[in-house]
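Analysis of the macromolecular model
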Amino acid sequence: MKILGIETSCDETAVAVVEDGRRLLSNIVATQVEMHAKYGGIVPELASRQHMITMLPVVEQALERAGTDLSDIDGVAVTHGPGLAGALLVGVNSAKGLALAKNLPLIGINHLEGHVYAGWLEDHEPETSPGFPLMCLIASGGHTDLILMKGHGEFRLVGRTRDDAAGEAFDKAARILELGFPGGPAIQKIAEMPAVQTEPFTRPLVRDSLDFSFSGLKSAMVRRAQEKELYPKKGDDPLDAGIVAGLAAEFQAAIVDSMVDKTLQAAAEYNVNGIVLGGGVAANALLRREMARRSPVEVVVPSPKLCTDNGAMIGAAAYFRMRDGFRYEWDLDVVPGLGLG
Ligand code: KG4
Ligand code: ZN
């Protein structure tokens, strides 16, 4: 079964063809990151308009790269939430048009469920090895959720951030350190450079709960940068790279520690067979390394390009829905605040 997966919830116009939920036939991601970087973050209206311009060429490219055409597709899957309303509308309307043209089933997919199913692409077989139940950490620009997955489509939210998402914290810290947008990859890169040592950041403490909190770390970064006279920036000279590297490394270490601690706590509490990482922040090398090193159970983590937003994860999730006979009606709507479990 070949599914066309469409994702436009944020700043990537992404389309993929996925076979049987596991085999990636094509995966095209047209990023708008440079356009938004000029503004230091995502401008929703610009995102929607760019999706509209890019959508059909990306669909064409995804079909061509997969060596197929619409007549050979068995279903059209699209992210219908959570995300930016205007951006989601472009994806959902395009999916409806394509599905209607060939009378194909239309499947609305939760973006977070998509991030979980990125773990099913490539060589992983999470349903048999390590097997359900699984604890999923989905960490992106908008979410940091711990989701218990008992089976396909069976999700329960057991922990979440009480304030900023992990990706948002990376993005804010990068802005303070003048590292550009998106912040996560920039912080990771400079954290590996020669650094002036600085004290570790105090780890966020949310007692008796599987919830996260990252806003205190951001405030601590502002204070630290002020003490070192990096922020607010004075003059045109670049910031001292060694000091910035030290702060970035400690900030990254604190966020990663907090995510690994809570995920392992959740995995033990629910006695799961494995851990699945997903979302843009799961591309982080330190997080991947530390989770694998400290976890007593198997860790499934997609390659970095499948951690950030893509259409393949939407096509993968949709397969398991379609296999169970699930399909949406033509009145499918976008749900910007859609949750999972
Ligand atoms: O899942 P995603 O592509 O889009 C959303 O659904 O939000 O995640 C984007 C987030 C951004 O905040 C970005 O800074 C973060 O993921 N990110 C990273 C890395 N790559 C992307 N954070 C830490 N380390 C990375 N290597
Ligand atoms: Zn995402």
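Keep in mind it's a predicted model, so treat the numbers as computed, not measured.

**So, the domain arrangement of the protein**
Per the domain assignment, the segments of the protein are domain 1 (2-117 + 305-323) and domain 2 (131-301). Computed from C-alpha coordinates alone, the two centres of domain 1 and domain 2 are separated by 26 Å. Tallying the contact residues gives 17 residues for domain 1 and 19 residues for domain 2. Note on domain 1 versus domain 2: buried area summed over both sides is about 1,400 Å², and carbon and sulfur give 74% of it.

**Side note on the packing of aromatic side chains**
The tally for this structure, following the rule as stated, stands at seven aromatic pairs. With a centroid separation of 6.0 Å and an interplanar angle of 85 degrees, the aromatic rings of F201 and F251 are classed as edge-to-face. Placement of F201 in the loop between helix 6 (183-191) and helix 7 (215-227) and of F251 in helix 8 (residues 241-269) is noted, with a sequence separation of 50 residues between them. Of the two residues examined, F201 and F251, each falls in the buried class. The interplanar angle of 15 degrees and the centroid separation of 5.8 Å between the aromatic rings of F212 and F214 together place this pair among those described as stacked. Classification of F212 as buried rests on a relative accessible area of 1%. Here F214 falls in the buried class, since its relative accessible area comes to 0%. Put simply, the rings of Y117, W120, F132, Y319 and F320 touch in pairs and so form one group of aromatic residues.

**Comments concerning helix 6**
Buried residues dominate helix 6, accounting for seven of its nine residues. Of the residues making up helix 6, those classed as buried are G183, G184, A186, I187, Q188, I190 and A191. Looking at the packing, one finds that the buried side of helix 6 touches helix 5 (166-176), helix 8 and helix 9 (285-294).

**Describing unusual backbone geometry**
In this chain, F132 is followed by P133 through a cis amide linkage whose omega measures -5 degrees. With respect to the helices, strands and loops of the structure, P133 is situated in the loop between helix 4 (111-117) and strand 6 (134-139). Backbone torsion omega between Y231 and P232 reads -5 degrees, so that peptide bond is classified as cis. Looking at the element boundaries, P232 is found in the loop between helix 7 and helix 8. The phi torsion at D20 lies on the positive side, around 50 degrees, for a residue other than glycine. Following the sequence through the fold, D20 ends up in the loop between strand 2 (12-19) and strand 3 (23-31). The class for D20 is partly exposed, based on a relative accessible area of 34%.

Criteria and thresholds
- Residues numbered from 1 in each chain as written.
- Chains lettered and ligands numbered in written order.
- Predicted model: local features only at pLDDT ≥ 70, side-chain atom pairs only at ≥ 80, totals over all residues.
- Heavy atoms only, no water.
- Domains from an automatic or database assignment.
- Contact = heavy atoms within 4.5 Å.
- Buried area = accessible area lost by both parts, 1.4 Å probe.
- Phe/Tyr/Trp six-rings, centres within 6.5 Å; stacked < 30°, edge-to-face > 60°.
- Helix = DSSP H or I, 4+ residues; strand = E, 2+ residues; numbered from the N terminus.
- Buried < 20%, exposed > 50% of the residue type's maximum accessible area, 1.4 Å probe, protein only.

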